[in-house]
Amino acid sequence: MTCSASATRRAIFLARFLFIAVSPIPAAQAGSGLQKPFDVGIGYSRELHVDASARHSGDGSADSPFQTIAAALARAQPGTRVRVAAGRYGAIGTVTNLQGTARAPIALVGDGTVVIETNGNSVALHLVDPRYLVIEGLVIRNAVPHGMNIDDGGSYASPASHLVIRNVSFSRIGNGGNNDCLKMSGVDNFYIEKSHFTGCNQGEAIDMVGCHKGVITGNTFADMPGSAVQTKGGSADILIHGNRFTRIAQRAINAGGSTGQAYFRPLDARHEAERIQMIANIIEASGSAPVVFAGCDACVFANNTIVDPGDYVARIVEENGSRTPGANGFFINNIIVFEASGRRSYVDVRAGTRPSTYTFGWNLWHAVDDPYFAGPVYGDGLPAERAAIVRHDPRLDASRRPLSGSPAIAAGRDVPRGLAGDFDGREYGRPPTIGAFAGP
């Protein structure tokens, strides 16, 4: 099949499954269990101002702002909020030890549309050993090789930590290599929310190497030639929640990966990734697979809604022979809307893995082209699907939310380590509804 024919077929498939929304999106409800970023309720004792149109270097006051963001960050101390006026700015450069405290963080905030564009000459911002830092309201585009690079400076004993990235837009990043919109190495206790990622070249939208205790929620990932989110190199305890993935050519979520020995954090990590929770995401038109368990141990892919999953619904692979293979994975409580015709298989299981330890079940499978579809058949040592719902239309509206009377409602099972809330932040019932939403 040619690329144009494949694209046409995908467009027809998505159009066939588009329903008219019947109700507005309800507001998020309290009690969802989703942890909050550390800066909620925090105030700042000092402000510095930046304006690209300023005619002089200034002192950072409102009446005499700095011309560059770098100048303001060089003078930022704990408790400082750097406010950047709308406009176009060049590369910020490398900033080392930009560190606030728990009670007095540092913030870099855009007021209006703040565009950081490097004309393909450099990374927009490289942070080395930042702590208690908030970055909010920026547009980063046309940067090379990465949009933003955050790392621990190579000192694994003192990771970069306590970062919030909020409402940041990345586009046109990279020059054809393994380039990422947001690259993080050795970052702990981070929170990435309400941001947008598109066109992140052949790398990832978010590439994590040895990152721990993070939340990625409420973001949009679209039109990626590569993969969207990758957690590898000893990454652990990361929640990927309530995001929308659309037209990801390779892997929407790569739970694990292949990392060189020198880059693991910690160096003696047994697996590429551990305890990655992938909850309440909407994944549409993925290429290779919505999720790949790539050396990921005790990782959970639950309560997601998948439309047009691509080559496979999931893959179980081992791409680093020097580490212990991942095991004990879960693919449960998911809605999968797909075409059954021409499909070779549903789960790709590769050599060196431990498929017998995985649990696939309580998923709703809707083959739009086959009303008699009886459920997926697995091989290669993967246990049979448990408690699947088949031959039932999930009855979703245009936002992929179940309508009243949907067979997905209250049809799921408990989820290891729990559910942080649905796509809207609402609390799931007991038993939970299958898919990304707790109900109509």
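Here the residue numbers are simple positions, counted from 1 along each chain's written sequence. The predicted nature of this model means local features are confined to residues of pLDDT at least 70 and side-chain atom pairs, given and counted, to a pLDDT of 80 or more, with totals for whole chains, interfaces and linings taken over all residues. With hydrogens and water excluded, all non-hydrogen atoms of the structure serve as input to the side-chain values.

Q: Got a minute to help me understand the overall build of the chain in this structure?
A: Think of it this way: any DSSP run of H or I at least four residues long counts as a helix, any run of E at least two long counts as a strand, and we number them from the N terminus. The number of helices and strands found in the chain is two helices and 32 strands. We compute the radius of gyration over the C-alpha atoms and compare it with the globule rule, which gives 2.2 Å times the number of residues raised to the power 0.38. Expected size for 440 residues packed as a compact globule is a radius of gyration near 22 Å; at 22 Å, the chain falls within 12% of this value. A principal-axis box enclosing the C-alpha atoms of the chain has dimensions of 70 × 50 × 45 Å. The buried share among the 440 residues of the chain stands at 58%. Once local pairs closer than 6 in sequence are excluded, the contacts in the chain between residues at least 24 apart make up 72%. Per-residue accessibility, obtained with a 1.4 Å probe over protein chains only, is compared with the maximum for each type, and a residue is labelled buried under 20%, exposed over 50%, and partly exposed between these values. Contacts are assigned to residue pairs that have any heavy atoms within 4.5 Å of one another.

Q: Would you explain the nonpolar core in this entry?
A: Side chains of nonpolar character tend, in soluble globular proteins, to be buried together. Buried Ala, Val, Leu, Ile, Met, Phe, Trp, Tyr and Cys residues that are joined via side-chain atoms within 4.5 Å together make up what is termed a nonpolar core. Phe-197 and Phe-221 are the most contacted members of the largest nonpolar core, which totals 85 residues. Membership of the second largest hydrophobic core comes to 19 residues, among which are Val-109, Ile-279, Val-415 and Tyr-428.

Q: Explain the packing of aromatic side chains here, please?
A: Two aromatic rings are characterised by how far apart their centres lie and by the angle between their planes. Ring pairs are drawn from Phe, Tyr and Trp, using the six-membered ring of Trp, whenever the two centres fall within 6.5 Å, and their geometry is named by plane angle: stacked under 30 degrees, edge-to-face over 60, tilted for the rest. Under the counting rule described, the total for this entry stands at 14 aromatic pairs. Arranged with centres 5.0 Å apart and planes meeting at 10°, the rings of Phe-170 and Phe-197 form a pair that is stacked. Highlighted residues: Phe-170 in strand S9 (residues 169-171) and Phe-197 in strand S12 (residues 196-198), separated in sequence by 27 residues. The pair formed by Phe-170 and Phe-197 is uniform in burial state, with each residue classed as buried. Seen from their ring centres, Phe-338 and Tyr-346 are 5.8 Å apart, and the 85° between their planes marks the pair as edge-to-face. Each of the two residues, Phe-338 as well as Tyr-346, counts as buried. Aromatic rings pair up to connect Phe-170, Phe-197, Phe-221 and Phe-245 into one cluster.

Q: What should I look at first to understand the sheet that holds strand S22 (residues 289-294) in this one?
A: By way of backbone hydrogen bonds, the strands of a sheet pair with one another, either parallel or antiparallel. Strand pairing is assigned whenever DSSP detects at least two bridges linking the two strands. Pairing is parallel in the open sheet, where 10 strands are placed in the order S3-S5-S7-S10-S13-S16-S19-S22-S26-S29. The open sheet terminates on both sides in strands that have one partner only, identified here as strand S3 (93-96) and strand S29 (347-349). On average, each strand axis in the sheet is tilted by 10° relative to the strand beside it, whichever way the strands run. As a rule, the C-alpha atoms of each element are fitted with a line to give its axis, helices using only the stretch in contact, and angles between N-to-C directions run from 0 to 180 degrees.

Q: How do you make sense of the confidence of the model for the chain when you look at a structure like this?
A: Per-residue confidence from the predictor is given as pLDDT, running between 0 and 100. Per-residue confidence for the chain averages 92 on the pLDDT scale, and 93% of its residues sit at or above 70. Contacts of residues 1-9 to residues separated by more than four positions or lying in other chains number four contacts, the stretch itself having pLDDT below 50. The model gives residues 14-31 a pLDDT under 50, and that stretch makes 37 contacts with residues more than four places away or in other chains.

Q: Looking at this structure, I do not really get the environment of Gly-260. What am I missing?
A: Positionally, Gly-260 belongs in the loop between strand S19 (251-256) and strand S20 (273-279). Counting along the chain gives 227 residues from Gly-260 to Gly-33, while the straight-line C-alpha distance between them is 35 Å.

Q: How do you make sense of the pattern of salt bridges when you look at a structure like this?
A: A carboxyl oxygen of Asp or Glu within 4 Å of a side-chain nitrogen of Lys or Arg is what we treat as a salt bridge. Across all of its chains, the model carries 24 salt bridges by this definition. Across the salt bridge formed by Asp-237 and Arg-275, the nearest N and O atoms sit 2.6 Å from each other. Highlighted residues: Asp-237 in strand S17 (residues 235-241) and Arg-275 in strand S20, separated in sequence by 38 residues. Connected through shared salt-bridge partners, Asp-39, Glu-136, Arg-166 and Glu-193 make up one network.

Q: Please explain the state of the cysteines as it appears in this structure.
A: Disulfide: a covalent bond connecting the sulfur atoms of a pair of cysteines. Two cysteine sulfurs form a disulfide in these notes if their separation is within 2.5 Å. Summed over the entire model, instances satisfying the criterion amount to two disulfides. For Cys-181, the disulfide goes to Cys-200, at an S-S distance of 1.9 Å. Given an S-S torsion of about -95°, the disulfide between Cys-181 and Cys-200 has left-handed geometry. Here Cys-200 lies in the loop between S12 and strand S13 (204-209) and Cys-181 lies in the loop between S9 and strand S10 (182-185), a separation of 19 residues in the sequence. Here Cys-181 and Cys-200 have matching classes, each one buried. Bridging Cys-296 to Cys-299, the disulfide has an S-S length of 1.8 Å. In this structure the cystine formed by Cys-296 and Cys-299 twists about its S-S bond by roughly -70°; its chirality is therefore left-handed. We classify Cys-299 as buried; its relative accessible area is 0%.

Q: Looking at this structure, I do not really get the environment of Ala-228. What am I missing?
A: Secondary-structure assignment places Ala-228 in strand S16 (residues 227-232). Given the relative accessible area of 0%, Ala-228 is considered buried. Once the C-alpha coordinates of Ala-228 and Arg-251 are considered, the two residues, 23 residues apart in sequence, prove to be 6.6 Å apart. Aside from chain neighbours lying at most four places away, what touches Ala-228 is Glu-204, Ala-205, Ile-206, Phe-221, Phe-245, Ile-248, Arg-251 and Ala-252.

Q: Even after reading the chapter, I still don't get the pairing of S16, so can you show me in this structure?
A: With six of its six residues buried, S16 lies for the most part within the structure. In this structure, S13 lies alongside S16, joined through five bridges in parallel fashion. If you follow Glu-204 over to S16, its bridge partner there is Ser-227. Two elements, S16 and S19, share three bridges in a ladder whose sense is parallel. Note that in S19 the partner of Thr-231 across the bridge is Ala-255.

Q: Is there a simple way to explain unusual backbone geometry in this structure?
A: Across residues other than glycine, the phi torsion is negative in most instances, and most of the peptide bonds are trans. Between Arg-265 and the following residue, Pro-266, the backbone shows a cis peptide bond with an omega angle of -5°. The topology assignment puts Pro-266 in the loop between S19 and S20. In this structure, Pro-431 follows Arg-430 across a cis peptide bond, with omega equal to 0°. Along the chain, Pro-431 falls in the segment after strand S32 (389-390). Of note, the phi angle at Ala-410 is positive, near 55°, even though the residue is not glycine. Position of Ala-410 among the secondary structure elements: in the segment after S32.

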